[in-house]
Amino acid sequence: MAASIVNLADLQLEWLKNGSRFEVGLSNIGKPLGLGGVGATLHVVPPGKTAWPFHRHHGNDELFLVLKGTGEVRMGDRRLPIRAGDCIGAPAGADAHQIINSSDAELRYIAFSNHTRAEVIEYPDSGKIAVDIAHGNDKDPPSIFSVEGRITPLGYWEGEDMDKGEGNG
């Protein structure tokens, strides 16, 4: 049975680190509350770090609520200052976004998102793309199709050899 109330001070953080730029402590808030269609995750970002690469969702809307600290949000080609109390919207298909702790103190925020069964995430800085088709919300159970790669623009018929007699339909 899911809890009705979760206190942020009671959550255990799982730390992820990659290279010199990316570091974040995470704790899922939505799952212990029994939420299936809405995701909520506490993020704790050390000074000078960011949690995730610059990215744009094409299936999920995201909303960020800054709880503590200051930093900046990269939205498209803009960098905007953020502070405790700010709500930041990142609608599906809109500008790519990234929250950066540019201060010398910890930055805490909650990321809220709707959960869709199909998601495409674009990473403009690296030219990567991720595609996930999930069995259930938030990949629980795990995705039935999940792939990451680079974007290579092609015409619709490119690579489709229609002259080999492999079918006409």
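Bear in mind the structure is a predicted one, so any value in this text is a computation, not a measurement.

Undergrad: I'd like a description of the overall build of the chain, backed by residues and values.
TA: Of the regular secondary structure elements, the chain holds zero helices and 13 strands. Starting at the N terminus and walking to the C terminus, you meet the elements of the chain as β-β-β-β-β-β-β-β-β-β-β-β-β. Every one of the 169 residues in the chain was classed for burial, and the buried ones make up 33%. Counting only carbon and sulfur atoms, one obtains 53% of the accessible surface of the chain, whose full area is about 10,400 Å².

Undergrad: If you had to explain the sheet that holds strand β7 (residues 78-83) to someone new, which residues and values would you point to?
TA: Strand order in the open sheet made by the three strands is β7-β6-β9, with antiparallel pairing throughout. Unpaired on one side and paired on the other, β7 and β9 (97-100) mark the two borders of the sheet. The mean inter-strand angle of the sheet, taken between neighbouring strand axes irrespective of direction, is 25°. With six bridges joining them, strand β6 (residues 70-75) and β7 adopt antiparallel strand pairing. Among the inter-strand pairings, R74 is bridged to a residue of β7, identified as R79.

Undergrad: Please set out the packing of aromatic side chains residue by residue, giving values where relevant.
TA: Inspection of every chain in the model, using the stated rule, returns one aromatic pair. Here the aromatic rings of F64 and Y109 are separated by 5.9 Å at their centres, their planes lie at 80°, and the arrangement is edge-to-face. Within this pair, whereas F64 is found in strand β5 (residues 62-68), its partner Y109 is found in strand β10 (residues 107-114), the two being separated by 45 residues in sequence. Given a relative accessible area of 2%, Y109 falls into the buried group. Over the ring of F54 we find R74, and its NZ or CZ is 3.7 Å from the ring centre. Across from the ring centre of Y123, 5.2 Å away, lies the NZ or CZ of K128, which sits over that ring.

Undergrad: Could you give me a rundown of the environment of Q98, with the residues and numbers involved?
TA: If you trace the backbone, Q98 turns up in strand β9. A C-alpha to C-alpha distance of 9.0 Å links Q98 and R56, two positions 42 residues apart in sequence. The contacts of Q98, once residues within four sequence positions are left out, are R21, F22, T50, W52, P53, F54, E72, V73 and R74. A polar atom in the side chain of Q98 sits 2.8 Å from the backbone oxygen of W52.

Undergrad: Break down the nonpolar core for me, citing the residues and quoting the values.
TA: Ranked by internal contacts, the top residues of the largest apolar core, which has 15 residues, are F64, I82, I88, I99, L107 and Y109. In terms of residue count, β10 provides more of this core than any other element does, three residues in total. Leaving out residues up to four positions away in the same chain, F64 has contacts with D86, C87, I88, A90, H97, I99, Y109, I110 and A111. I29, A40, V44 and I110 belong to the second-largest nonpolar core, a separate cluster that totals six residues.

The rules behind each value
Residues numbered from 1 in each chain as written. Predicted model: local features only at pLDDT ≥ 70, side-chain atom pairs only at ≥ 80, totals over all residues. Heavy atoms only, no water. Helix = DSSP H or I, 4+ residues; strand = E, 2+ residues; numbered from the N terminus. Buried < 20%, exposed > 50% of the residue type's maximum accessible area, 1.4 Å probe, protein only. Areas by Shrake-Rupley, 256 points an atom, 1.4 Å probe, with all protein chains shown as cover. Pairing = 2+ DSSP bridges. Axes fitted to C-alpha atoms, helices over the stretch in contact; angles between N-to-C directions. Phe/Tyr/Trp six-rings, centres within 6.5 Å; stacked < 30°, edge-to-face > 60°. Lys NZ or Arg CZ within 6 Å of the ring centre and 35° of its normal. Contact = heavy atoms within 4.5 Å. Polar contact = N/O pair within 3.5 Å; in protein donor to acceptor, adjacent residues only side chain to side chain. Core = buried A, V, L, I, M, F, W, Y, C linked by side-chain atoms within 4.5 Å.

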